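Architecture and fold: a report
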There are 2 protein chains.
Amino acid sequence: MRVVVPFAAETPKTRLESVLTPAERSAVARAMLADVLRAIVDAGHEPTIVSTAPLALEDLELSSEVAASTSITVDDRSLTDAVNARLPGTDGNEDGESESDDAATAPDREPVAVVMADLALATPDALERLLTTAADIAIAPGRGGGTNALVVGHPEFRVDYHGTSYLDHCEIARESGATLETIDSFRLATDIDEPADLVEVLVHGREGDRAPARLRELGFELDDRAGRVDIARSEDRARK
Amino acid sequence: MRVVVPFAAETPKTRLESVLTPAERSAVARAMLADVLRAIVDAGHEPTIVSTAPLALEDLELSSEVAASTSITVDDRSLTDAVNARLPGTDGNEDGESESDDAATAPDREPVAVVMADLALATPDALERLLTTAADIAIAPGRGGGTNALVVGHPEFRVDYHGTSYLDHCEIARESGATLETIDSFRLATDIDEPADLVEVLVHGREGDRAPARLRELGFELDDRAGRVDIARSEDRARK
């Protein structure tokens, strides 16, 4: 299945600004993207990064296997527009422009999956539950009513990421006459947006994942001295 | 399978105090408990509420079917001690006391499930994935490294809910020589602790659930005017 991974290359993870510098946020965002790509490739699929700005694959430090299966394209439109241009039943450029030349915009009716780049906990098993859906539309909701990952196999379905997108997408599926499945996955529900989310990366990161390794390099560790779990950052490595 | 549902009857949901009065918190906590009990019964199991204080089943307004399948017992010990007394391989009172008389403390080696009372999003499907585990120990982690639900089928395993209990429980399982499965469920990972969690109840509540109905009665509704989803409470119903 074609798997699109939208990536905001220019201003990644602004809601982590209280604990990470811009350069650190960029490094953590790229590490999470690398982990997501690895999970997709390990699940047997070939991801296409749709980046808002030019991005060098080499900077992601992917394994040769993952790099060989990954393509990249730049699309500076909004998330909603960039995704819709790549769904089945479109010609890739609904607005009439034609600057796009990536294979992911193929105007066919094969299902397309869209997986967010900050799903640092994604595993091949969790992705397989999504990608093997028998429904026309499958959605893995995120916390707060978001849509973290979905499969679109119906030519009339379009995304709208604004607001309570999970409920909106369920409604759009119904209006399209499409069958719908909701994927009940903690790993796919956990997008890493806020400092508290970093706990999840440290708790549930897999062997070989880059994001937990990067966070530990930056001095983060689990801290449950207060009885509740939080993150702590060692003083000598905290941002200046 | 025996399913234990610990319930803090006296000071429920203190982290919701910024948006709910004590009486409202109590009502919402009981509504969530009722929803959890219904999901367990719908999954074909018989729950036992282990309450920190006397609790009248009638107050939970359960359907007759759910009420008939639910038992209740009082145990004012800590969560960890009250659960451990009910795991397989114990005599129900490790501290030598014998005030307990509920069936859930049976000193046999049948597996026991423990499901938290604030898993308002629990469904029969999600619970079945947990309760049909083939492993000695199955854990549904909560956010922040917690343990929201688990199945214990190994006589040496004991819980410890303090701190990063998910990681601790994985370690205890390994030390016990038990096989371990982690259940990847957003619904079971979502315990309702903080105001932001109420969004999940409103988004994902099932037809007939009491907690979303109760929240709506209290004036809560989804609010995505700011682009992000939050809860809003209508002014005329907000607490005085």
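Since we're looking at a predicted model, the values are computed, not measured. (Residues numbered from 1 in each chain as written. Chains lettered and ligands numbered in written order. Predicted model: local features only at pLDDT ≥ 70, side-chain atom pairs only at ≥ 80, totals over all residues. Heavy atoms only, no water.)

Across the contact, 28 residues belong to chain A and 28 residues belong to chain B. Of the roughly 2300 Å² buried where chain A meets chain B, counting both sides, 54% is carbon and sulfur surface. Counting the surface chain A buries against chain B, the share from its top three residues, Arg 143, Asp 184 and Phe 186 of chain A, is 25%. Across the contact surface, chain A and chain B share two salt bridges. Note that Asp 184 of chain B is salt-bridged to Arg 129 of chain A, the shortest N-O span being 3.4 Å. Between the two partners, chain A and chain B, sit ten residue pairs in polar contact (both at pLDDT 80 or more). Taken together, the elements giving at least two residues each to the side of chain A that touches chain B come down to α4 (124-131), α5 (165-175), α6 (186-189) and α7 (198-204) of chain A. Grouping the amino acids of the side of chain A that touches chain B by side-chain chemistry returns ten nonpolar, nine polar and nine charged. (Contact = heavy atoms within 4.5 Å. Buried area = accessible area lost by both parts, 1.4 Å probe. Salt bridge = Lys/Arg side-chain N within 4 Å of Asp/Glu carboxyl O. Polar contact = N/O pair within 3.5 Å; in protein donor to acceptor, adjacent residues only side chain to side chain. Helix = DSSP H or I, 4+ residues; strand = E, 2+ residues; numbered from the N terminus. Nonpolar A, V, L, I, M, F, W, Y, C, P; charged D, E, K, R; others polar.)

Moving on: the pattern of salt bridges. On inspection of all chains with the given rule, the structure shows 26 salt bridges over all chains. With its nearest N and O atoms 3.2 Å apart, the salt bridge here joins Arg 174 of chain B to Glu 171 of chain B. Of the two residues, Arg 174 of chain B and Glu 171 of chain B both sit in helix α5 (residues 165-175), three residues apart, roughly one turn of that helix. Under the relative-accessibility criterion, Arg 174 of chain B is labelled exposed at 53%. The closest approach of N and O atoms between Asp 209 of chain B and Arg 206 of chain B, which form a salt bridge, is 4.0 Å. Relative accessible area serves as the criterion here: at 22%, Arg 206 of chain B is assigned to the partly exposed category. One salt-bridge network, held together by shared partners, links Lys 13, Arg 15, Asp 118, Asp 193 and Glu 194 of chain A. (Buried < 20%, exposed > 50% of the residue type's maximum accessible area, 1.4 Å probe, protein only.)

All names here are of chain B. Sheet architecture is open: seven strands sit in the order β3-β2-β1-β4-β6-β5-β7, paired in mixed fashion. Where the open sheet ends on each side, the last strands, each with one partner, are β3 (71-74) and β7 (180-182). Between one strand and the next, the sheet's axes are offset by a mean angle of 20°, whatever the strand orientation. Sitting on the sheet, helix α1 (residues 22-42) is in contact with β1 (2-7), β2 (46-51) and β4 (112-115), with an inclination near 175° to β1. Where helix α4 (residues 124-131) meets the sheet, it contacts β1, β4, β5 (137-141) and β6 (147-152), and its direction lies at approximately 45° from that of β6. (Pairing = 2+ DSSP bridges. Axes fitted to C-alpha atoms, helices over the stretch in contact; angles between N-to-C directions.)

This part covers the confidence of the model for chain A. Residue and element names in this part refer to chain A. Chain-level pLDDT for chain A is 90 on average; 88% of the residues reach the 70-or-more range. Low pLDDT, under 50, characterises residues 93-101; the stretch is placed with nine contacts to residues that sit more than four places away or in other chains. This complex was scored by the predictor with a pTM of 0.91 and an ipTM of 0.90. (pLDDT = per-residue confidence, 0-100.)

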